[in-house]
Amino acid sequence: MKDTEIKRLLSAHIVCVFSIILTTVVPPLFLENFSVLGTHLIWLCICSICVTTVNIILYIILKPNPSSKRISFAHKVTKFLKCCVFFFISCILFHGIIVLYGAPLIELVLETFLFAVLLSTFTTLHCLCMLGPNIQAWIRVFSKNGAMSIWDNSLQITTMCSIVGAWLGAFPIPLDWDRPWQIWPISCSLGATFGYVAGLIIAPLWIYWNRKQLTYKSR
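Definitions and limits used
- Residues numbered from 1 in each chain as written.
- Predicted model: local features only at pLDDT ≥ 70, side-chain atom pairs only at ≥ 80, totals over all residues.
- Heavy atoms only, no water.
- Helix = DSSP H or I, 4+ residues; strand = E, 2+ residues; numbered from the N terminus.
- Buried < 20%, exposed > 50% of the residue type's maximum accessible area, 1.4 Å probe, protein only.
- Contact = heavy atoms within 4.5 Å.
- Axes fitted to C-alpha atoms, helices over the stretch in contact; angles between N-to-C directions.
- Nonpolar A, V, L, I, M, F, W, Y, C, P; charged D, E, K, R; others polar.
- Phe/Tyr/Trp six-rings, centres within 6.5 Å; stacked < 30°, edge-to-face > 60°.

## Observations concerning the environment of L62
In step 1: Secondary-structure assignment places L62 in helix α3 (residues 40–62).
In step 2: Accessibility expressed as a relative area gives 18% for L62, which makes it buried.
In step 3: Distance from L62 to L9, taken between C-alpha atoms, is 9.0 Å for residues 53 residues apart in sequence.
In step 4: The contact partners of L62, leaving out residues within four places of it in the chain, are R8, A12 and W151.

## Points about the packing of helix α5 (residues 109–122) against helix α6 (residues 124–131)
Each packed pair of helices is defined by two parameters, the angle between the axes and the distance between the axes.
In step 1: In contact at an axis separation of 3 Å, α5 and α6 are set at 35 degrees when each is read in the N-to-C sense. Where α5 abuts α6, its residues L119, S120, T121 and F122 lie against T124, L125 and H126.
In step 2: Of the residues in the contact of α5 with α6, the class split is 3 nonpolar, 4 polar and no charged.

## With respect to the packing of aromatic side chains
In step 1: One pass over the full model with this rule turns up 4 aromatic pairs.
In step 2: Plain terms: the ring middles of F122 and Y196 are 4.4 Å apart, the flat faces sit at 10 degrees to each other, and that makes the pair stacked. Placement of the pair is F122 in helix α5 and Y196 in helix α9 (residues 186–209), with a sequence separation of 74 residues.
In step 3: Its relative accessible area of 0% is what places F122 among the buried residues.
In step 4: Assessed through its relative accessible area of 1%, Y196 is described here as buried.
In step 5: Taking the centre distance of 5.1 Å and the plane angle of 85 degrees together, the rings of W167 and F171 count as edge-to-face.

What follows is the structure, given as structure tokens:
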């Protein structure tokens, strides 16, 4: 495994981490009374848009999974539209799963949906950028020993950390602490965000530590 590829992965993850930080630092300069807790829905939208933009730009620049085949413009447009459909379906599925786990069904629908969009941004969008709208590739990557590159390993770690973070974030909600961050879905979205950032930091460190043991099958 080349160290240069790990450095490329690390640099991409550092940019992603800084994009999250910027969503808390830059908006107060332009929006009056902005805060992550006080105007949480606005922050959810800003964070989702910022992370989406950064991930797409990084994918275009780094091209972690380059294809040797020449792809026509029509195929690229079709692939982009499929990715949009997949992302929307992911938002709907996450919304349903969140409701099944106890979120309000009728009340706070917008809050729940924006949280689902954030989760999709941290998980599904990353998969779409790396693997495209290819379900078989998704199943391969998230199956045992299915990773074919360090980028696949990174995808596994960041996705898992984001979901676990969101799950852990739900624990403080029923407690009677009367804290502002216990309002739905603040603790869950913050948990998902911290989990995503933790995954971005852990992934390159884990890959570097285990670089001699990691072996990948040819595509």
